[in-house]
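These are the residues of each chain, in order.
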Amino acid sequence: MSKPFLYRRRSSISFGLIQFRRTSMFEESENLVLFQVRHKSGGGGGGGWRPKKKVYHRVDELDKAIDLKKKPALILQLKSIIQAQKHGSLLLRDLEKHVGFVHKWNLMAAIEKYPSIFFVGGGNREPPFVTLTEKAKNIATEEGEATESMEPILVKNLRKLLMMSVDCRVPLEKVEFIQPAMGLPQDFKTTLIPKYPEIFSLKVINGKVNLVLENWDSSLAVTAREDRLLREGVLEPIEDRGKKVRITKDGNFLGRNAFKVSFPPGFRPNASYLEEFEKWQKMEFPSPYLNARRFDAADPKARKRVVAVLHELISLTMEKRVTCAQLDAFHSEYLLPSRLILCLIKHQGIFYITNKGARGTVFLKEAYAGSNLIEKCPLMLFHDRFVALCGRREANPIS
């Protein structure tokens with residue numbers, strides 16, 4: 001099924017990155033990228049616009065995380081296609097019907113490369129087919145348990161997604177667009193939504209089907225950032241009046257309004273930068289679960305709230321990363337700034353944007369240790385266990 005026109009267009013984030021490259025405004029070196037952002041000239045000598053370079057440092061380990069996902073994605077896609085067949089096997093000649101002519105050859109290469117997962121049979125008068133090996137079938141039986149464990153997580157995350165929106169509703173096509181990232185089943189609108197009529201409903205509003213929240217739960221209006229601070233026992237430090245707080249070079253400090261940051265390699269903040277950044281870290285801001293219409297977009301506290309909204313939205317995904325187009329799709333529901341890319345670039349200690357791979361991706365940096373996701377949901381743990389059959393080292397969650 002073709003995607004709605006809204007999503008066939010390039011997102012403003014990824015389109016902006018591509019345009020930078022095409023116009024030589026995007027200069028690359030081994031470890032950093034230079035963005036040119038145009039600023040209004042403040043002088044009196046003719047006015048106009050002047051370019052100002054913004055340095056954006058690469059994080060090679062997060063770029064590598066994109067590449068590490070390619071092989072598992074092929075294996076899991078082929079597994080799903082085989083399992084969807086009536087007898088649990090797929091004729092090789094039918095593979096093109098499912099994935100197209102070009103991608104068929106990628107899957108054929110995976111079948112040949114991973115005999116520990118895929119078994120090819122047939123020959124003579126019987127057409128060649130592919131099925132899962134016995135060992136792969138045994139591990140595949142664990143998927144049902146993982147899927148069952150995911151349901152309460154998915155329901156909670158879907159509620160939080162709606163609670164952050166200004167009207168507690170999101171067009172269904174946008175939920176479907178972010179569905180793979182959140183780990184929702186493909187048929188969630190016919191299986192998961194009707195199962196919880198006291199929480200969700202589907203209503204036609206302004207000619208579009210919307211997923212509507214029917215029941216607000218204040219206990220869920222706690223962000224992933226706040227939950228982490230609570231688990232770590234972090235409290236706002238009591239400071240003596242007149243005593244200057246020590247400025248940390250990594251930008252982190254213990255406080256209920258602070259974000260966990262990780263400056264990229266090569267980024268060397270000076271003392272004045274850290275002083276300003278510490279003020280920002282200490283500044284109070286409204287919860288992402290309060291209605292965005294209540295706040296002036298120009299207020300510094302409201303701008304910090306936008307960072308919290310982006311942080312929370314990415315936290316609701318399985319891999320703590322989203323494509324630029326998926327993030328861009330929620331502009332109107334969350335009243336995100338029009339120049340969203342500048343917000344992400346400014347807070348490169350919290351987020352990381354990469355054009356590695358087919359689509360631009362935004363990472364939540366604190367969720368990763370190197371190239372590995374730190375905390376994994378039951379479905380991702382099952383995926384790791386299944387893919388480990390090919391000889392890939394099983395990735396366990398890092399405590």
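Residues numbered from 1 in each chain as written. Predicted model: local features only at pLDDT ≥ 70, side-chain atom pairs only at ≥ 80, totals over all residues. Heavy atoms only, no water.

Participant: Just checking my understanding: could you explain the overall build of the protein chain for this structure?
Facilitator: Scanning the protein chain from N- to C-terminus turns up 17 helices and 14 strands. Burial statistics for the protein chain: of 399 residues in total, 46% are counted as buried. Expressed as a percentage of contacts within the protein chain between residues at least 6 apart in sequence, the contacts between residues at least 24 apart total 62%. When the accessible surface of the protein chain is totalled, it reaches about 21,900 Å², and 52% of it is carbon and sulfur. (Helix = DSSP H or I, 4+ residues; strand = E, 2+ residues; numbered from the N terminus. Buried < 20%, exposed > 50% of the residue type's maximum accessible area, 1.4 Å probe, protein only. Contact = heavy atoms within 4.5 Å. Areas by Shrake-Rupley, 256 points an atom, 1.4 Å probe, with all protein chains shown as cover.)

Participant: What am I meant to see in the nonpolar core here?
Facilitator: Within soluble globular proteins, side chains that are nonpolar generally end up buried alongside one another. By size, the foremost hydrophobic cluster in this structure holds 74 residues, and its most contacted members are L158, F200, L310, L327, F351 and V362. Excluding residues within four positions of it along the chain, F351 makes contact with Y56, V307, L310, H311, I314, L344, V362, F363, L364 and K365. (Core = buried A, V, L, I, M, F, W, Y, C linked by side-chain atoms within 4.5 Å.)

Participant: Looking at this structure, I do not really get the pairing of strand β9 (residues 208-213). What am I missing?
Facilitator: In summary, the side chains of a regular strand alternate between the two faces of the sheet. Note: strand β7 (residues 169-171) against β9, three bridges, orientation antiparallel. Counted as the bridge partner of R169 is V212 from β9. Relative to β9, strand β8 (residues 200-205) runs antiparallel, the two sharing six bridges. Counterpart to L202 in the pairing with β9 is L211. From the end of β8 to the start of β9, which pair antiparallel, there are two residues, and N206 there has a positive phi angle of about 55°. (Pairing = 2+ DSSP bridges.)

Participant: Just checking my understanding: could you explain the sheet that holds strand β12 (residues 361-364) for this structure?
Facilitator: To summarise the sheet geometry, strands pair through backbone hydrogen bonds and adopt either a parallel or an antiparallel arrangement. In space, the three strands of this open sheet follow the order β10-β12-β11, with antiparallel pairing throughout. The open sheet has two free edges, formed respectively by β10 (321-323) and β11 (351-354), since each of these has just one partner strand. Adjacent strand axes in the sheet meet at a mean angle of 20° when their direction is disregarded. (Axes fitted to C-alpha atoms, helices over the stretch in contact; angles between N-to-C directions.)

Participant: Is there a simple way to explain the pattern of salt bridges in this structure?
Facilitator: Close approach of charged atoms allows side chains of opposite charge to pair. All told, the structure shown has 25 salt bridges when counted by the stated rule. Of the charged contacts in the structure, one is a salt bridge between K97 and D94, with a shortest N-O distance of 3.3 Å. Residue classification places K97 among the exposed residues on the basis of a relative accessible area of 69%. Here D94 falls in the buried class, since its relative accessible area comes to 18%. The salt bridge involving E278 is made with K282; its shortest N-O contact spans 3.7 Å. In this pair, E278 and K282 both sit in helix α12 (residues 271-282), four residues apart, roughly one turn of the helix. We classify E278 as buried; its relative accessible area is 13%. A network of salt bridges, in which partner residues are shared, links D67, K70 and K356. (Salt bridge = Lys/Arg side-chain N within 4 Å of Asp/Glu carboxyl O.)

Participant: I would appreciate a short explanation of the environment of L290 in the present structure.
Facilitator: Mapped onto the fold, L290 is located in the loop between α12 and α13 (300-315). In the structure, L290 is positioned 124 residues away from V166 in sequence and 8.3 Å away in space, judged by C-alpha atoms. Here L290 is in contact with F295 and R305, once residues within four sequence places are set aside.

Participant: Please explain the sheet that holds strand β5 (residues 118-123) as it appears in this structure.
Facilitator: Taken together, three strands build an open sheet; the order of strands is β4-β6-β5 and the sheet is antiparallel. The open sheet terminates on both sides in strands that have one partner only, identified here as β4 (89-91) and β5. Pairwise comparison of adjacent strand axes, ignoring direction, gives a mean angle of 25° for this sheet. Pairing geometry for β5 and strand β6 (residues 126-132), over five bridges, is antiparallel. Paired with G121 across the bridge in β6 is F129.

Participant: Could you clarify how one ought to interpret α12 in this entry?
Facilitator: Since the α-helix packs 3.6 residues into each turn, any two residues three or four apart lie on the same face. Across its 12 residues, α12 extends 16 Å between first and last C-alpha, which sits within 8% of the 16 Å expected from 1.5 Å per residue. What α12 keeps buried is the set L274, F277, E278, W280 and Q281. Looking down the long axis of α12, one finds its buried residues gathered within 160° of arc, a one-sided arrangement. Where the residues of α12 are buried, they touch α13. (Expected span 1.5 Å × (residues − 1). Arc of directions from axis to C-beta.)

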